[in-house]
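Each chain, written out:
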Amino acid sequence: MLYLLLKADRKTMKREHQETANHPLTGGGGGGGGEGCSSRSKTWKEDQGDGGMDELLEGLGYKVKSSDMADVAQKLEQLEMAIGTFQEGQISHLFCETVHYNPSDIYGWVDSMLSELNPSQTFDPNGSFYPIRNSILGQQPSMNSSARNSLIYDDNSEYDLSVIPGFALKMPSEWTFDLQREGTSKRMKHDAPQISTSPVNSAAKLRSLPEATRPLLMVDSEEAGVRLVHILMACAEAVQNEDLKLADALVMQIRLLAVSQAGAMRKVAIYFAEAIARRIHKIYPQQSSIDSFYSDTLQMHFYETCPYLQFAHFTANHAILEAFSDAPRVHVIDFSMSLGMQWPALMQALALRPGGPPAFRLTGIGPPQPDNTDALEQVGWKLAQLAGTIGVEFHYRGFVCDSLADLEPSMLDIRPSAMETLAVNSICELHRLLARQGAIDKVLSNLKVMKPKIVTIVEQEAKHNGPVFLDRFNEALHYYSTLFDSLDGCWLTQSNSQDLAMSEVYLGRQICNVVACEGPERVERHETLAQWRERMESSGFDPVHLGSNAFKQASMLLDIFSGGDGYRVEENNGCLMLGWHSRPLIATSAWRIASR
Amino acid sequence: MAETSNQNKEDTLFFICFDRQSATPKLCGLGLCSDEFWNGVFGASFLEYLKNRLLYMAGTDEVNFNESQRVVPLNTWILISYFKLAYKLLRCPDGTFDRHLAEFLDRKVPANANPVDGTFSFDIIIDQRTNLLIRIYRSAKAEEMQLPTIAELVKPLSSSFVPVILFFHGGSFVHSSADSAIYDTLCRRLVRICNAVVVSVDYRRAPESRYPCAYDDGWAALKWVSSRPWLQSKDSRVHIYLAGDSSGGNIVHNVALRAVDSDIDILGNILLNSMFGGQQRTESENRLDGKYFATLRDRDWYWRAFLPEGENRDHPACNPFGPRSESLKGVKFPKSLVVVAGLDLIQDWQLAYVEGLKKAGQNVKLLYLEQATIGFYLLPNNDHFYTVMDEINNFINSNYPKRQRSDQRLSYA
């Protein structure tokens, strides 16, 4: 039908803004024009080697290069004028299918918004633009034929996952006009360099305070709760100072006091006290092969009870699906196969792909099982059955190994990327490698040999791998207190108390490992997103951003999750985190091999 | 897959050109276009609307962009313009709000128990039923520079008099949170400048939670703060000041109102560009509509989202000295500092608020900043910022015998 566009006289605007760009106050340093700010404010660092971000905006979480400021201002004006022609109601309709990426990058945002309104405009390479985007302004019937042919549409709502039965998908809303969307989505190839992410993000990384941040969330409780924490800390300090007699005495006190407590604090105190007792008396929990089966079962209960693992699977699958796009043959290598709970949802989504599902190959990796039962194979069979019912060509292979570092890429039957698209997935598994010298580096370099299109990593958002015991204890106490608090909410709303009890045991085992063990035995070496980011980037990986569609759907998943009131999804430089209120607890990031 | 519409010979590419040279809109197209055709598609009224809109823009908006850019520093202009545009996407005319996208776009920062520039913060859920969270900001004393443990976070204040500022962030009752970066930054500045403890309240927001939820949450936070032994000054009382910007300023007034008949003593109210309104259109609203970032249309939307359904803007929550409000004469109300930005379109309502307090015999100081726009206090890159911070500092600390105040401007940022 019709295509409506408001264009400003670009030449005039450009000229005006070039003048402001050269103005001593507006150009270069982050001072800004207009009123007096130079004498008052501290000296702005004119030339910051890390990309020259406007410092003040950066302090508020927005990254705009000082040299881009005038440009950004101009584009904001353009955008305002462009959407100004539409009535209020039309605006949200215009952009309701838009996927936003990287909200810190104002330049990229306004650029992509402008491109949404005017798809014929050439894409600005400085924008942080991304694969799937919809143009919202209907057909352009008389565009020249080449433009028309480039419009391939895939409604990305069909990639929405049904993680939990009954999860209602949000369908695109009706248009008020009679505009029909032809679906004019241009696909940006993944090979296009994501210019916005390289210098911009690394600058922010240097500037932000990742290492020094200690997020702290408490639930207001009785005085005794605080006293309990106080004694726990004193006990840990005694252990740190190797005053084991004192520590032992304090453990007894904790146990006595905990009895009078209610709720999360009691359970947390008991687990931590037990862990300290084990440490003092050197009764380390066995990491035997019986463990892994039991672990899987506990993890399943945890999965049912609270949304952390579901969030992990959901967001990782989202990234994988986007990376797979319309590839005809795909292969997923799962470092954290366990009971394979992540894959039914992915397979269903693949089955619903327009144009039909790809051939799906899954390689599951897991630890050795007791009495030689091949749990991995059994999981594979179940998935194969599912694949049969939904019509997805499915191949499976299970791999047993003690450590991911023992794997060689040649074992995994990796096919050339032209033939098969590869995704590598790791849910709460990589941190174990930090217990052995060189293991993580080996695995990451193996990854590069495998040439995956995407690597999805989910890890606990915690600092449980510092060198000093007392600090680790402190961090773990806060982290698990928050986790238990979030589970507390579930007790009221869920009837399955066995699931909840098992979930607590699952977490209790982690606590025990963090506190009681040392050396290669201590495998729960959780590190924060910021730490993983640095490791991945210095190992030659670039981030792949998760966007507002993944965010929204994850949020909607939480909305329907009972007891879900306190859970919150947060966007962090293209990664998504799930937390309890303001405390993030788990983080999903996606990576690809850096194009150098 | 969409289907193509009837392929009419006249289905050509149309666009509206806005010619800056001649400052007139032109309807153009690749192919014929006639008014009849446009009428047939959009309807005559929409076509009229388009034309009027363009003429309006031709005449005024061009001037507006440059004008607003002249009165604020460029980074402030970018920040507030960005908010203005992004927020527009989130508001739907039926009153619904795209909360998920809003949360995705909002830049948040976690609490940080490690001191940064001498200030640390931590979060507490003070009401599990409503999930009410507050963020507390404190100064780290020299001896506390190693990581404070939980027990130390709630250690009693060491100085004789420490003001506790109960802060309500802005966002027109709908946007932002206590952990939004813009407000976390502002609260940290308040700690340093006023040598105070700041408690920021993460109140429930509209349209999901309408009046009076935000006030209820404010009241709950006030009660909580006033009952903490570790927040008391030497005289065994908690010295509480209420402060807020935009909707936060409105909450300040309404929480103070609720506290009037209680035994909770509020030592002062600080209102920054506070959000008030009324059914009638005032001169400033007409004059400044759309000129400096804010429009009447968006103000109306936010009131509709916050006030009970079916209510109008003379509801006392919106219009505290309007036709439906009760008098404050003879009421023991805290002294107030009211900051008004001269380029804020709702300033007439804010000035009416000041007048209303005066007429009721209450102690109020007006700080009118002629050239200030909304959001000027978000970045320390303009004179108004420093003026206001000084005023707030004096407002609070002039009550006390000489306290150590940071006078250096450098530490404000």
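Residues numbered from 1 in each chain as written. Chains lettered and ligands numbered in written order. Predicted model: local features only at pLDDT ≥ 70, side-chain atom pairs only at ≥ 80, totals over all residues. Heavy atoms only, no water.

### Some details on the pattern of salt bridges
Residues and elements named next belong to chain A. Under the definition given, this model contains 42 salt bridges over all chains. For Arg 432, the salt bridge goes to Glu 524, with nearest N and O atoms at 3.5 Å. Separated by 92 residues along the polypeptide, Arg 432 in the loop between β6 (421-427) and α15 (439-450) and Glu 524 in the loop between α17 (497-516) and α18 (529-538) bring together distant segments of the chain. For Arg 432, a relative accessible area of 33% translates into the label partly exposed. The class for Glu 524 is buried, based on a relative accessible area of 8%. Of the charged contacts, one joins Arg 522 and Glu 518 as a salt bridge, the two residues approaching to 3.4 Å between their closest N and O atoms. We classify Arg 522 as buried; its relative accessible area is 5%. Looking at Glu 518, the relative accessible area reads 33%, which means it is partly exposed. (Salt bridge = Lys/Arg side-chain N within 4 Å of Asp/Glu carboxyl O. Helix = DSSP H or I, 4+ residues; strand = E, 2+ residues; numbered from the N terminus. Buried < 20%, exposed > 50% of the residue type's maximum accessible area, 1.4 Å probe, protein only.)

### Focus: the confidence of the model for chain A
Residues and elements named next belong to chain A. In the predicted model, chain A carries a mean pLDDT of 76, and the fraction of residues at 70 or more is 71%. Averaged pLDDT values for the elements of chain A fall to 28 in strand β1 (residues 6-7) and rise to 98 in strand β7 (residues 454-460). Low pLDDT, under 50, characterises residues 1-49; the stretch is placed with 116 contacts to residues that sit more than four places away or in other chains. (pLDDT = per-residue confidence, 0-100. Contact = heavy atoms within 4.5 Å.)

### A closer look at the UniProt feature "active site" (unreviewed entry) in chain B
Residue and element names in this part refer to chain B. In the numbering used here, UniProt assigns the feature "active site" (unreviewed entry) to Ser 246. Here Ser 246 is to be found in the loop between β7 (239-245) and α8 (247-259). Residue Ser 246 is classed as buried on the basis of its relative accessible area of 14%. If we ignore the near neighbours within four places in the chain, the residues touching Ser 246 are Gly 170, Gly 171, Ser 172, Leu 272, Asn 273, Ser 274, Met 275 and Tyr 377. (UniProt positions renumbered as here; feature names shortened; annotations may be inferred.)

### A few points about the confidence of the model for chain B
Predicted coordinates in regions of low pLDDT should not be interpreted in detail. Residues and elements named next belong to chain B. Of the residues in chain B, 77% have a pLDDT of 70 or more, and the chain-wide mean is 83. Looking over chain B, one finds the lowest element-wise mean pLDDT in strand β2 (residues 24-30), namely 41, and the highest in α8, namely 98. Every residue in residues 1-33 is under pLDDT 50, and counting partners more than four places away or in other chains gives 83 contacts. A low-confidence stretch, residues 142-148 (pLDDT under 50), is modelled with twelve contacts involving residues beyond four sequence positions or located in other chains. What the predictor reports for the complex is a pTM of 0.77 with an ipTM of 0.79.

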